[in-house]
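Reading the structure
Now for the letters of each chain:
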Amino acid sequence: MKSVQHRLQVSMPVRDNPEGADLLYATTYRKALAPPVVKSVRKELFPLRRGEVVFPASTHGVDLSSMVGRTVTVDAHRYVRPGVGDTVSDRVKVVGLYDPSWQFDGPDTAYADDATVVKWAAAAAGKTTDDYLRTSGWDQLTVVADSAAHVAGVLKAVQKMNYPANSLQQQLQALPGVLQLVRLTGDVLLGVLGVLAFVGAVTVTGALGRQRAQEVGILKAVGFRSRSVMAMLVAEMAIAGVVAAAAGVLLAVGASSAAAAGLRRIGDIAPYVRDTVPLPGTPTLISLSVATVVVVAAGAVLPARRAARMSPTEAMKDW
């Protein structure tokens, strides 16, 4: 487990918002699920300072782009006794806007510093902040595993403690249609690449057999069996497949590392690629590499067999 990041959300009525968005939901910021910022007063926006908030760029059709840098009044509810309450007014500064299509914490979310959100939530419950954290606490926790391979184990451990928990992958799998389409497209492309590798192996091995007909004839003349000659040609293509697979993996690692390094320089994207290179896991890479070699070798069998079955006389007729 790498870290545990808490979340708390409470309603945040905005009294003097000139743009007309009068109700948002103040939410604590989680580094693992950082919203994509589109406008801000400084380069490194998070973590937020006391009294700072980040609004969505628009909500309910209202454009909030002019709010950056403004200070607004928030009238948070305070519980007094059953059926009776009043308001707690706070002045907060809008220091940034995020893409409103990001709704991981729900629509109309405004991100605020932890202390401010806890204060408003405690007031709504009629408690002090210390008492609130001790008795009510955070409404959600995000547990960050140190690698994708450990997610299942961390998830199982949390559920064994009788906490309802699910992984981000499970949540994404629940999304309709589009992710299945992306997965299907990836499978189709993988199949197309496999067919191209097979056809390429057939073509190259056929050309190789024709170019080396005299060599095949000599081997047959000195006693090599057709099976041995065919095995040599197939082995050559298999070795070429191994070299190609290794080169592909190295190029992929280098290109992905360079891409990740470039993305880390973009403030809004950096949290998603901070410690990772966007590549499949080692078992997947090994499986794809082995499949490449197998496909190339399989494509070489027929033309290699055809070349190996030539008689020494036929093979050396143009000597």
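Shown above is the structure to which this text applies.
Structural notes, computed from the coordinates. This is a predicted model, so every value here is computed, not measured.

Parameters and conventions
Residues numbered from 1 in each chain as written. Predicted model: local features only at pLDDT ≥ 70, side-chain atom pairs only at ≥ 80, totals over all residues. Heavy atoms only, no water. Helix = DSSP H or I, 4+ residues; strand = E, 2+ residues; numbered from the N terminus. Buried < 20%, exposed > 50% of the residue type's maximum accessible area, 1.4 Å probe, protein only. Contact = heavy atoms within 4.5 Å. Areas by Shrake-Rupley, 256 points an atom, 1.4 Å probe, with all protein chains shown as cover. Arc of directions from axis to C-beta. Polar contact = N/O pair within 3.5 Å; in protein donor to acceptor, adjacent residues only side chain to side chain.

Right, let's get into the overall build of the protein chain. For the protein chain, the helix and strand inventory stands at 9 helices and 11 strands. In the protein chain, which comprises 319 residues, the share counted as buried stands at 32%. Summarising the internal contacts of the protein chain: among those between residues at least 6 apart in sequence, 70% fall at separations of at least 24. Of the roughly 18,800 Å² that the protein chain leaves accessible, carbon and sulfur atoms contribute 61%.

With that settled, consider helix 3 (residues 151-160). Within helix 3, the full set of buried residues consists of Val154, Leu155 and Val158. Down the axis, helix 3 shows its buried residues gathered within 100° of arc, on one side only. Every exposed residue of helix 3 that faces more than 90 degrees away from the buried side is listed here: Ala152, Lys156 and Lys160. Just downstream of helix 3, Asn162 is the residue with a positive phi angle, here 70°.

Take the environment of Arg30 next. On the secondary structure map, Arg30 appears in the loop between strand 3 (23-28) and strand 4 (37-40). Taking the C-alpha atoms as reference points, Arg30 and Arg7, 23 residues apart in sequence, are found 7.0 Å from one another. Ignoring anything within four residues of it in the chain, the contact list for Arg30 reads Gln5, His6, Arg7, Phe104, Asp105, Gln140 and Thr142. Here the side chain of Arg30 touches Gln140 through a polar contact of 2.9 Å, side chain to side chain.

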